[in-house]
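Letter by letter, the chains look like this.
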Amino acid sequence: MQPVIPMVTAALLFGIGVFGVLRRRNAVLVLLCVELMLNAVNLILVTSDVVRAQITGQVFVLFVIVIAAAEVGVGLALVLRLFRLRANINVDDVELG
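Residues numbered from 1 in each chain as written. Predicted model: local features only at pLDDT ≥ 70, side-chain atom pairs only at ≥ 80, totals over all residues. Heavy atoms only, no water.

S.K.: Is there a simple way to think about helix 2 (residues 27-52) in this case?
M.R.: An α-helical segment advances 3.6 residues per turn. Residues three or four places apart therefore align on the same side. Compared with an ideal rise of 1.5 Å per residue, which puts 26 residues at 38 Å, helix 2 spans 38 Å between its outermost C-alpha atoms and is within 8% of the ideal. Within helix 2 the residues assigned to the buried category are A27, V30, L31, C33, E35, M37, A40, N42, L45, T47 and D49. Contact partners of the buried residues in helix 2: helix 1 (4-23) and helix 3 (56-86). The N-cap residue of helix 2 is N26: its side-chain oxygen and the backbone nitrogen of V28 are 3.3 Å apart. (Helix = DSSP H or I, 4+ residues; strand = E, 2+ residues; numbered from the N terminus. Expected span 1.5 Å × (residues − 1). Buried < 20%, exposed > 50% of the residue type's maximum accessible area, 1.4 Å probe, protein only. Contact = heavy atoms within 4.5 Å. Polar contact = N/O pair within 3.5 Å; in protein donor to acceptor, adjacent residues only side chain to side chain.)

As structure tokens, then:
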């Protein structure tokens, strides 16, 4: 298998994730798009390891998976708290100040 195919797939996944983060208003969907971007990075790391015949990228993939799990836990806790306070999880309606 040529490394171009997974790289293009990862670029498409990352682009879809960026588009979703920029366009979505629902906080849960924004979190899902961030996870999509993290998975695209994982795909690039594993592909580069296969091409170079090393294992360092796979170690980074494990760290990214752990960070993604922590991000989901904290992010969903924040979304649930926001929903209980405002009864709305629309990102545009959140006051920052």
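S.K.: Can you help me understand the environment of E71 in this one?
M.R.: Mapped onto the fold, E71 is located in helix 3. Taking the C-alpha atoms as reference, E71 lies 8.9 Å from E35; in sequence the two are 36 residues apart. Excluding residues within four positions of it along the chain, E71 makes contact with L31, V34, E35 and L38.

S.K.: How should I be thinking about the packing of helix 2 against helix 3 in this particular structure?
M.R.: Taken N-terminus to C-terminus, the directions of helix 2 and helix 3 make an angle of 175°; their axes are 9 Å apart at the nearest point. By the angle between their directions, the pair helix 2 and helix 3 is classed as roughly antiparallel. Among the residues making up the contact of helix 2 with helix 3, the classes are represented as 15 nonpolar, five polar and four charged. (Axes fitted to C-alpha atoms, helices over the stretch in contact; angles between N-to-C directions. Parallel < 35°, antiparallel > 145°, perpendicular 65-115°, else oblique. Nonpolar A, V, L, I, M, F, W, Y, C, P; charged D, E, K, R; others polar.)

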